[in-house]
Every structure is written in structure tokens, then in C-alpha cells.
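Survey of secondary and tertiary structure
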Amino acid sequence: RDLINQEPRLLGLYLAYGRTPWHVACEVGSLEILDFIKRALNAEEMKTLLSLPEPAGWQPKVLNDLLLKATMNGNLDTVQEVLRFAAKLEARDEAYKTPLICAAQAGHTAIVTALLRAGADISARDAQNQAALDYAVFSGEQSVVDQLLEAGLPRYEPTSPSDSKLFTYQVL
């Protein structure tokens, strides 16, 4: 709170030389510190903190992991909150799936909507070279298929010179 309210010059130094405590907590996985900061600051202070520019190369691991978990579990409130706290839409799980891929595969239509509105990439592919639309079609999640098709068709880029995979999306 002192950094935000009383010492804007000190806050600028944190950003010039690295990360604020918020950035560090997001990167190293301390949910307790994030929760403490969130409870300690009022809405306006939190808004100021979240409006700070991201440090170069910043990867908020704790937020990304929480986003992926909430997406898989169908927890829309948590998804919206961590997106507001700057979780990365392009975060990946161990199978290289993005939150949009996870939501499409599970048929979580409200989460697919939230991720698309936040700017999720419909062309992102996992380690198996599958996009969110592929999983929605394979899972028979017609409402998710419809949502994704409204956002457009994913681009397909060969993964190697010998990759001759040609495919079409069969709408159920």
C-alpha cells in the first residue's frame, strides 16, 4: 500500500529495476502473498497495481496455473478473476494445452465465451497439433463448436516440411 499511495517514486524504482512484490508473487507461485495483497488493498489501489506495465519477460506462473486449473474445473468466477489479474491467455499445461483448448474439450461454454472475449487465440494448438475446435468436435460439444466457429476457423500451419496433414472441420 505504501508503494502505491505514499511512494510513487519508489514504485517507479521497483519497475525500473525489476518487479514489484505483486509481480514476484505471481511469478514464484505464492497464492498466499497474492491473497494478502488483494485483501490489503482497496479497489482503487488494486486497480492502480493492475494497471502497471508488465516487466519484460514476465510470466505469472501462479496466475497461469490457476487459470488452467479453473478452466478445467469449470470455475468461471476464478477464470474471470485471474484474467483480470493478468494471467496469460497463452498459458500452457503439461500437454501444451491452452485454457481455451481445455475449456472447449470440457464443454465449458461460459468459460469459452469469457476466454474468447478476452482475446484467446482460436488457432493455438497443443502438443498433438489440435486446436480448441478439434477438441470441441471430437467431444461432441456442439454449443462450443458453434461458439468457436463464430470466432472463425483456426489457421493450420504445417509443423514440418513433411507434414502433409490436411483436414477439414465437420460441423455436427
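Residues numbered from 1 in each chain as written. Predicted model: local features only at pLDDT ≥ 70, side-chain atom pairs only at ≥ 80, totals over all residues. Heavy atoms only, no water.

1. Section: the overall build of the protein chain
Across its full length, the protein chain carries 11 helices and zero strands. Secondary structure elements of the protein chain occur, N-terminal to C-terminal, as α-α-α-α-α-α-α-α-α-α-α. Here the protein chain holds 172 residues, and the buried ones make up 41% of them. Looking at the protein chain alone, contacts between residues at least 24 apart form 67% of all its contacts between residues at least 6 apart. Accessible surface, the protein chain: about 9,700 Å² in total, of which carbon and sulfur atoms supply 53%. (Helix = DSSP H or I, 4+ residues; strand = E, 2+ residues; numbered from the N terminus. Buried < 20%, exposed > 50% of the residue type's maximum accessible area, 1.4 Å probe, protein only. Contact = heavy atoms within 4.5 Å. Areas by Shrake-Rupley, 256 points an atom, 1.4 Å probe, with all protein chains shown as cover.)

2. Topic: helix α5 (residues 43–50)
For α5, every residue scored as buried is listed here: Glu 45, Met 46 and Leu 49. Summarising the axial view, the buried residues of α5 lie within an arc of 100 degrees, below the 170-degree limit, and thus occupy one face. Away from the buried face of α5 by more than 90 degrees, exposed residues Ala 43, Glu 44 and Lys 47 are located. Where α5 begins, the capping side chain belongs to Asn 42, and its oxygen is found 3.0 Å from the backbone nitrogen of Glu 44. (Arc of directions from axis to C-beta. Polar contact = N/O pair within 3.5 Å; in protein donor to acceptor, adjacent residues only side chain to side chain.)

3. Quick word on the confidence of the model for the protein chain
Counting all residues, the mean pLDDT for the protein chain is 82, and 79% of those residues have values of 70 or more. Looking across the protein chain, the model is least confident in helix α1 (residues 2–5), with a mean pLDDT of 54, and most confident in helix α9 (residues 109–118), with 97. (pLDDT = per-residue confidence, 0-100.)

4. A few points about the environment of Pro 60
Among the secondary structure elements, Pro 60 is positioned in the loop between α5 and α6 (61–73). Taking the relative accessible area as the measure of exposure, Pro 60 reaches 0% and is therefore buried. C-alpha separation for the pair Pro 60 and Lys 88, spaced 28 residues apart in sequence, amounts to 7.5 Å. Dropping the residues within four chain positions of it, Pro 60 is found in contact with Cys 26, Glu 27, Ala 86, Ala 87 and Lys 88.

5. Quick look at the pattern of salt bridges
Within this structure, the stated rule accounts for three salt bridges. For Arg 125, the salt bridge identified is with Asp 134, shortest N-O distance 3.3 Å. Residues Arg 125 and Asp 134 agree in their burial class; the two are buried. (Salt bridge = Lys/Arg side-chain N within 4 Å of Asp/Glu carboxyl O.)

6. Brief notes about the side chain of Thr 98
Among the secondary structure elements, Thr 98 is positioned in the loop between α7 (76–84) and α8 (99–106). The class for Thr 98 is buried, based on a relative accessible area of 3%. Residues in contact with Thr 98, not counting those within four places in the same chain, are Leu 68, Leu 89, Ala 91, Arg 92 and Ala 124.

7. With respect to unusual backbone geometry
Note on backbone geometry: most residues besides glycine have negative phi, and most peptide bonds are trans. Even without being a glycine, Ala 86 presents a positive backbone phi close to 85 degrees. Tracing the sequence through the fold places Ala 86 in the loop between α7 and α8. Owing to a relative accessible area of 23%, Ala 86 belongs among the partly exposed residues under this scheme. Located in the positive-phi region is Asn 129, a residue other than glycine, with phi close to 65 degrees.

8. Considering the nonpolar core
Of all hydrophobic cores here, the largest spans 37 residues; its most connected members are Trp 22, Leu 63, Leu 100, Leu 115 and Leu 148. Broken down by element, this core gets its largest block of residues, five residues, from helix α10 (residues 132–139). Leaving out residues up to four positions away in the same chain, Leu 63 has contacts with Cys 26, Leu 34, Val 82, Phe 85, Ala 86 and Ala 87. (Core = buried A, V, L, I, M, F, W, Y, C linked by side-chain atoms within 4.5 Å.)

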